[in-house]
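# Coordinate analysis (summary)
One-letter residues, chain by chain:
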Amino acid sequence: MKEADNGATAPQEVVYGLLSKDIVPNLERRPDFLRPLTYEHFDVDPVNRDVNQRLLLQMVSPADKDGLILDVGCANGANSQMLVEAYTQQGIPVHWAGIDLDQAAIDTARQKVTETHLVDVNFMKGDVTNLHIIGNGKARKIFFTGIYHELQGKDEEGKPLKAKALEELLRVLEPGGELILVSAFTRESFNVRQNKEGEQVFDRGEFMRVARIRSAAMQKLNRQGDKNKTNFEVLTNDQVIENLLAAGFEVDPHVVMERANLTMESHRAIAEDKMYIKGAFQDMQDAEKVDMYSKREAYQQALDDAEAEHEGIIAKLLAKDPQAEMPELTYPRNISLFRARKPLTPLTAAESVPLAA
Ligand SMILES: C[S@@+](CC[C@H](N)C(=O)[O-])C[C@H]1O[C@@H](n2cnc3c(N)ncnc32)[C@H](O)[C@@H]1O
């Protein structure tokens, strides 16, 4: 099925959603299962807003004065709105441009983000792997949040999309201009612990809790994971730094990390986003034959089951000890912020070295 690429409910998606009742016979649908898939729910989620505030507001700097600031992968404009307000409150005039591949998101952002007397605002459709809409060396600072992990695979010439994007971001930055890359999908997003030998190892527990929801959702669609397909490639923070260096950036080796305790509501809000749903089912058998609405419905029902299971455990614990403090069901995530800079004089990849901490 061809997916609507503008975030709107394409007629073929609706028809496919209805027809796929035959393909996915066991899936019971809610009456509103055809509501559009949109990033809006997560955009305004309080946990997401809180972590974005903690990470991004500290990046607003007087050195940005009169520069062009880009929000690449701006979605519905929630971060743009927060940052435009911050620049205005701090008396720093800048020019603001939000860019996203999704026309529906751009339309929402245009309505949401208001210009101020210090900040003019533009939103445009654009692809980070080909930013021809922005000239060389024009941007002072680029916010690139929650999008790097979505760049999976290679272009027709075999070039990884991640490398293409970094190349473009470097091209559009002024010499000395800064890239702020935020990712919630690195290996370190799931907890790191020390093993018996004292080595830092990735704790699979948090990862597995999310993986369980994915496989439960696939079962609801009468399907399993396909071992011949790959799911998202998840990089370590060091690999992200290596990629930035290889693209020609200078990189601050100190990665800022903030923890987001995603609640059940946050998890449900993420699962309203079509990019998330696409990624969550990417490695499912016949993934392309199942429409986005059914995938979302299955995912939300898997979350219902996880919630019911948790409530069952709580009920048993309370029966034993009515005074006991009960844990909330959360999906914690570490969010990493990388700071990189375009060198004042271009470096070859071989010359490129990390900035001193
Ligand atoms: C998960 S949202 C992140 C939104 C926001 N930046 C934040 O941090 O909350 C990712 C956004 O990246 C956009 N996106 C994905 N691939 C893109 C590309 N190649 N060029 C531009 N935008 C892209 C998606 O349309 C989506 O709006």
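What counts and how
- Residues numbered from 1 in each chain as written.
- Predicted model: local features only at pLDDT ≥ 70, side-chain atom pairs only at ≥ 80, totals over all residues.
- Axes fitted to C-alpha atoms, helices over the stretch in contact; angles between N-to-C directions.
- Helix = DSSP H or I, 4+ residues; strand = E, 2+ residues; numbered from the N terminus.
- Parallel < 35°, antiparallel > 145°, perpendicular 65-115°, else oblique.
- Left-handed = near helix turned anticlockwise from the far one by under 90°.
- Contact = placed C-beta atoms within 7 Å.
- Nonpolar A, V, L, I, M, F, W, Y, C, P; charged D, E, K, R; others polar.
- Near = placed C-beta within 6 Å.
- Pairing = 2+ DSSP bridges.
- Right-handed = clockwise from strand over helix to strand, strands pointing away.
- Buried ≥ 20, exposed ≤ 12 C-beta atoms within 10 Å, placed from the backbone.
- Core = buried A, V, L, I, M, F, W, Y, C linked by C-beta atoms within 7 Å.
- Arc of directions from axis to C-beta.

Let's shift gears to the packing of helix H7 (residues 204-220) against helix H11 (residues 292-320). It is at 8 Å that the axes of H7 and H11 come closest, and there the two elements cross at 120°. In this view, H7 runs oblique relative to H11, as classed from their interaxial angle. The crossing of H7 and H11 is right-handed. Of the residues in H11, those in contact with Ile213, Ala216, Ala217 and Lys220 of H7 are Ala298, Tyr299, Gln301, Ala302, Leu303, Asp305 and Ala306. Residue composition of the contact of H7 with H11, grouped by class: eight nonpolar, one polar and two charged.

Taken together, 17 residues are adjacent to the ligand, and Gly73, Ala75, Leu101, Thr145 and Gly146 come closest. The residue inventory of the shell around the ligand, partitioned by class, reads eight nonpolar, five polar and four charged.

Bridging between strand E2 (residues 94-100) and strand E3 (residues 119-125) involves seven bridges; their strand directions are parallel. Across the sheet, residue His95 finds its bridge partner in E3, namely Asp120. With respect to chirality, the unit in which E2 leads through helix H5 (residues 103-112) into the neighbouring parallel E3 is right-handed.

The next thing to look at is the environment of Phe281. As for its position among the elements, Phe281 is in the loop between helix H10 (274-280) and H11. Note on Phe281: 25 C-beta atoms within 10 Å, which makes it buried. Discounting chain neighbours no more than four positions away, the residues touching Phe281 are Ala287 and Lys295.

Within H5, the full set of buried residues consists of Ala104, Ala105, Ile106, Thr108 and Ala109. In the core, the buried residues of H5 are packed alongside helix H2 (40-43), helix H4 (78-89), E2 and E3.

With respect to the helices and strands, Gln285 occurs in the loop between H10 and H11. Distance in space between the C-alpha atoms of Gln285 and Asp226 is 5.0 Å, their sequence separation being 59 residues. For Gln285, the contacting residues outside a window of four places in its chain are Arg223, Gln224 and Asp226.

This part covers the nonpolar core. Counting residues in hydrophobic clusters, the biggest one holds 76 residues, and the most contacted among them are Leu70, Ile142, Phe144, Leu169, Leu244 and Tyr299. For this core, the element with the most residues is H11, which contributes six residues. In contact with Tyr299, other than residues within four places in its own chain, are Ile213, Ala217, Ala271, Ile277 and Ala280.

Attention now moves to helix H8 (residues 237-247). Buried residues of H8: Val240, Ile241, Asn243, Leu244 and Ala247, and no others. Viewed end-on, H8 has its buried residues packed into an arc of 160°, placing them on one side of the element. Where H8 is buried, its residues contact helix H6 (161-172), strand E5 (173-183), strand E8 (250-251) and strand E10 (330-341). The first or second residue beyond H8 is Gly248, which carries a positive phi of 110°.

With that out of the way, let us pick up the pairing of strand E4 (residues 139-145). Of all seven residues that make up E4, seven are buried, and the element is covered over most of its length. Summarising the sheet, strand E1 (residues 68-72) and E4 pair through four bridges and their orientation is parallel. Each residue of the ladder has a partner; that of Leu68, found in E4, is Ala139. Here E4 pairs with E5 via six bridges, running parallel. Considered in E5, the bridge of Thr145 is made with Val182. Regarding the hand of the β-α-β motif, the stretch spanning E4, H6 and E5 is right-handed.

Moving on to unusual backbone geometry. Of note in the backbone geometry, Asp66 takes a positive phi value of approximately 70° without being a glycine. Along the polypeptide, Asp66 turns up in the loop between helix H3 (46-56) and E1. A positive phi angle, near 50°, is found at Asp286, a position not held by glycine. Looking at where Asp286 falls in the secondary structure, it is placed in the loop between H10 and H11. Asp286 gets classed as exposed once you count the C-beta atoms within 10 Å, which come to 11.

Relative orientation of the contacting elements H3 and H4 amounts to 45°, with a least axis distance of 11 Å. Comparing the axis directions of H3 and H4 gives the class oblique. Helix-helix and strand crossings are classified by hand; for H3 and H4 the assignment is right-handed. In contact with Arg49, Asn52, Gln53 and Leu56 of H3, H4 contributes Ala78, Asn79, Met82 and Leu83. Here the contact of H3 with H4 is built from residues that sort into four nonpolar, three polar and one charged.

Moving on to the environment of Phe143. If you trace the backbone, Phe143 turns up in strand E4. With 38 residues separating them along the chain, Phe143 and Leu181 place their C-alpha atoms 6.5 Å apart.

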